Amino acid sequence: MKYHIVTIGCQMNKSDSERLASHLKSNNYIQTPYRKEADVVVINTCGVRQSAEDRVYGLIPEIKKENPGVKLVLTGCLSERQDVLKRLKDKVDIWLPIKDLPYLKDKLKIRSDLSKTLDSNEYLRIKPELTSFFSAFIPIGNGCDNFCAYCVVPYARGREVYRPALEIIKEVEEIVGKGYKEINLIAQNVNSYVSVLPNNRESHKYFHSLGPKIDFAGLLEAISCLNGDFWIRFATSHPKDMSNKLIKTIAANKNICRHIHLPVQSGDDEVLEKMNRKYSSRHYQKLIDSIKYYIPEASITTDIIVGFPGETREQFENTVNLFQEIGFDMAYISQYSPRPGTSAAEMKDNVPPEEKKKREKELTEILRESAYKNNQKYIGRRVKVLVEGVNKKGEWYGKTDTNKNVKLNNMGVDLQVGDFIDVTIDEIWDFGLSCCPKKP
Ligand code: SF4
């Protein structure tokens, strides 16, 4: 039997697909790159944006047309939405809330509607079939308790559940032992990570000095002490939960990447309150000041929603001011669109589309300027780069620990994907760097 997985969405979905692949493989299914020769096609869906949802509605008839006998499994964000279930009930064979992944083999055999009884930790315990040989995503938890007004994640993934620290550390230790160079710790809100430590603290040398619980800063510190030449990245952080302790932990450990992604969503306090973000723009600004003080070399990126229901021009100006003051290295700017089931969907989506577009453009222009300005400090600087691959134009590229893309052409040395190399930057643009041709 052959399977094919279509993954739409975020890092968490990509990581879930690696667990789906591992589950199917261990039940004697063989992966195929072709949808039309698969016995089972799994669509791992995303519901964060309407465009991602629409992709699924377009994909299903396409797959059924080219492969009428296929068993279609729908998992991910849309698999828990009642309206989607109603719309697609005759087209999808198996609905799989991701937490039920350990049941997939039974559902494929008997097509039963097994009830959902598992918590996230059970599926996260499945060893993933990693798709990269040098960079790994390691989920440290799943779900979210925050219920931001615009977001489907708490409904789609349920409440926060975190994996035991020892289990995560052992997984990282094993992967680093295989030579992996980049460990990406992921969860919807890494900053609220907490794990009760085993009574037998002797079971792991890094727990000796800790109390009965370990938080995210403690977990990062323990992982950063593991042997090996590797980087640690993490996402996503929530400004209401990010602590100075965490910032100081990053500052003190060189293998924790100097890149902080801290979604602000708006620079206006009234909009933040309507979004249910539970922090003020002043709090956010203070966090940024602290990051810049303790880790001056860090790059800072964010997420922004423009045109949230009721966002006035004056309120948007506060976001503009925040953008100008902080000077982000990158921002993922989204025009607001209502998501079914969220509290914001009940609000009037009253900012016209052309105004949303205009606001997005305005922020993008400020971003381009600040990113270019920030990159100027790299000129002539020696930086460590993780070689990631070759693009369609045949150019080698990689990434710094500050998450800057680097073009690596004409190096005069043989490059290997997954290697660290040191290069001198001689050219910059707004969202990237380039290193000296032929200079060592
Ligand atoms: S913190 Fe807010 S935006 Fe992030 S996943 Fe949770 S509800 Fe969604």
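Along each chain, the written sequence defines residue order, and numbers are assigned to residues from 1. Thresholds applied to this predicted model are a pLDDT of at least 70 for local features of residues and 80 or more for the giving and counting of side-chain atom pairs; totals over whole chains, interfaces and linings are not thresholded and use all residues. Side-chain measures here rest on the full set of heavy atoms in the structure, leaving out hydrogens and waters.

Caption draft 1: Summary view of the overall build of the chain. For the chain, the helix and strand inventory stands at 13 helices and 20 strands. Every radius of gyration here is taken over C-alpha atoms, with the globule rule written as 2.2 Å times N^0.38, N being the number of residues. Expected size for 440 residues packed as a compact globule is a radius of gyration near 22 Å; at 23 Å, the chain falls within 12% of this value. Taken over the C-alpha atoms alone, the chain extends approximately 60 × 55 × 55 Å along its principal axes. Residue exposure (1.4 Å probe, protein chains only): buried if accessible area is under 20% of the type maximum, exposed if over 50%, otherwise partly exposed. Split into buried and exposed, the 440 residues of the chain put 55% on the buried side. Note on contacts: a residue pair is in contact if any heavy atoms of the two residues lie within 4.5 Å. Excluding contacts between residues fewer than 6 apart, the proportion of contacts in the chain whose partners are at least 24 apart in sequence is 70%. Put simply, the chain shows about 20200 Å² of open surface, and 50% of that area lies on carbon and sulfur atoms. Each charge class in the chain can be summarised by its mean position, and for the 66 positive and 59 negative side chains these summaries are 2 Å apart. Each helix is a run of H or I in the DSSP string that is no shorter than four residues. Each strand is a run of E no shorter than two, and both are numbered from the N terminus. Every accessible area reported is derived by Shrake-Rupley at a probe size of 1.4 Å, with residue values counting cover from the shown protein chains alone. Counted as positive: Lys and Arg. Counted as negative: Asp and Glu, with His and the chain ends omitted from the count. For this purpose, a charge sits on NZ of Lys, CZ of Arg, CG of Asp or CD of Glu.

Caption draft 2: Structural view of the site of the ligand. Inspection of the region around the ligand gives Cys144, Asn146, Phe147, Cys148, Tyr150, Cys151, Val153, Pro154, Gln188, His238 and Arg277 as its neighbouring residues. Each residue is assigned to one class: nonpolar for Ala, Val, Leu, Ile, Met, Phe, Trp, Tyr, Cys and Pro, charged for Asp, Glu, Lys and Arg, and polar for all the others, Gly among them. Partitioned by chemical class, the residues of the shell around the ligand number seven nonpolar, three polar and one charged. Whether a residue is near a molecule or strand depends on its heavy atoms: it is near if one of them lies within 4 Å of it.

Caption draft 3: Here's a closer look at the pairing of strand β16 (residues 382-390). Both β16 and strand β19 (residues 420-429) contribute to a ladder of five bridges, which runs antiparallel. Across the sheet, residue arginine 382 finds its bridge partner in β19, namely threonine 424. In short, DSSP must find at least two bridges between two strands for them to pair. With four bridges connecting them, β16 and strand β17 (residues 396-399) associate as antiparallel partners. Within the sheet, the bridge partner assigned to valine 387 lies in β17 and is glycine 398.

Caption draft 4: Representation of the domain arrangement of the chain in the model. Domain assignment breaks the chain into domain 1 (2-121), domain 2 (132-257), domain 3 (260-377) and domain 4 (379-435). Taken together, the contacts link 11 residues of domain 3 with 10 residues of domain 4. In this assembly, domain 3 packs against domain 4 so that about 1100 Å² is buried in total across both faces, 52% of it on carbon and sulfur atoms. Accessible-area loss on putting two parts together, using a 1.4 Å probe and summing over both, is the definition of buried area adopted here. It is Arg368, Asn375 and Lys377 in domain 3 that bury the most area against domain 4; as a group they hold 48% of the surface buried on that side. Domain start and stop points were drawn from an automatic or database domain assignment.

Caption draft 5: Expanded view of the packing of helix α7 (residues 165-177) against helix α8 (residues 216-224). The geometry of α7 relative to α8 is characterised by a closest axis approach of 10 Å and an angle of 30 degrees between their N-to-C directions. The angle between α7 and α8 falls in the class roughly parallel. In terms of crossing hand, the pair formed by α7 and α8 is right-handed. Two secondary-structure elements touch here, α7 through Ala165, Ile168, Ile169 and Val172 and α8 through Leu219, Ala222 and Ile223. Here the contact of α7 with α8 is built from residues that sort into seven nonpolar, no polar and no charged. Helix axes are fitted to C-alpha atoms over the stretch in contact, other axes to C-alpha atoms as well, and angles between N-to-C directions run from 0 to 180 degrees. When describing relative orientation, an angle under 35 degrees is termed roughly parallel and one over 145 degrees roughly antiparallel, while 65 to 115 degrees is termed roughly perpendicular and anything else oblique. Left-handed describes a crossing whose near helix is turned anticlockwise from the far helix by less than a right angle; the clockwise case is right-handed.

Caption draft 6: Region of the structure containing the packing of α8 against helix α9 (residues 244-252). Interaxial distance between α8 and α9 falls to 9 Å at its minimum, and their mutual angle equals 15 degrees. One finds that α8 runs roughly parallel with respect to α9. The two elements α8 and α9 cross, and the hand of that crossing is left-handed. Contact residues: Phe216, Ala217, Leu220 and Glu221 in α8; Lys245, Leu246, Thr249 and Ile250 in α9. By residue class, the composition of the contact of α8 with α9 is five nonpolar, one polar and two charged.

Caption draft 7: Highlighting a positive patch on the surface. On the surface, Lys292, Lys373, Lys377 and Arg381 cluster together to form a positively charged patch. Tracing the backbone through its elements, the reader meets lysine 292 in helix α11 (residues 281-294). Here, patches come from residues exposed beyond 30% relative accessible area and free of salt bridges, joined within 9 Å for like charges and within 5 Å for nonpolar side chains (Val, Leu, Ile, Met, Phe, Trp, Tyr). A carboxyl oxygen of Asp or Glu within 4 Å of a side-chain nitrogen of Lys or Arg is what we treat as a salt bridge.

Caption draft 8: Seen up close, unusual backbone geometry. Residue alanine 235 is joined to threonine 236 through a cis peptide bond whose omega torsion reads 5 degrees. Note that threonine 236 resides in the loop between β12 (231-235) and α9.

Caption draft 9: Geometry of the environment of phenylalanine 431. Here phenylalanine 431 shows up in the loop between β19 and β20 (432-435). Relative accessible area serves as the criterion here: at 24%, phenylalanine 431 is assigned to the partly exposed category. Through-space distance from the C-alpha of phenylalanine 431 to that of lysine 404 is 7.2 Å; in sequence the pair is 27 residues apart. Once residues within four sequence positions are removed from consideration, phenylalanine 431 is found in contact with Asp329, Met330, Leu367, Arg368, Ala371, Asn375 and Asn405.

Caption draft 10: The arrangement of the packing of aromatic side chains in detail. Any two rings among Phe, Tyr and Trp, with Trp reduced to its six-membered ring, count as a pair given centres within 6.5 Å; such a pair is stacked if its planes are under 30 degrees apart, edge-to-face if over 60, and tilted if neither. On inspection of all chains with the given rule, the structure shows 10 aromatic pairs. With centroids separated by 4.8 Å and ring planes inclined at 50 degrees, the aromatic side chains of tryptophan 231 and phenylalanine 420 adopt a geometry described as tilted. Of the two residues, tryptophan 231 is situated in strand β12 and phenylalanine 420 in strand β19; the sequence distance between them amounts to 189 residues. We classify phenylalanine 420 as buried; its relative accessible area is 17%. Every member of this aromatic cluster is reached through a ring pair, and the members are Tyr150, Phe308 and Tyr336.

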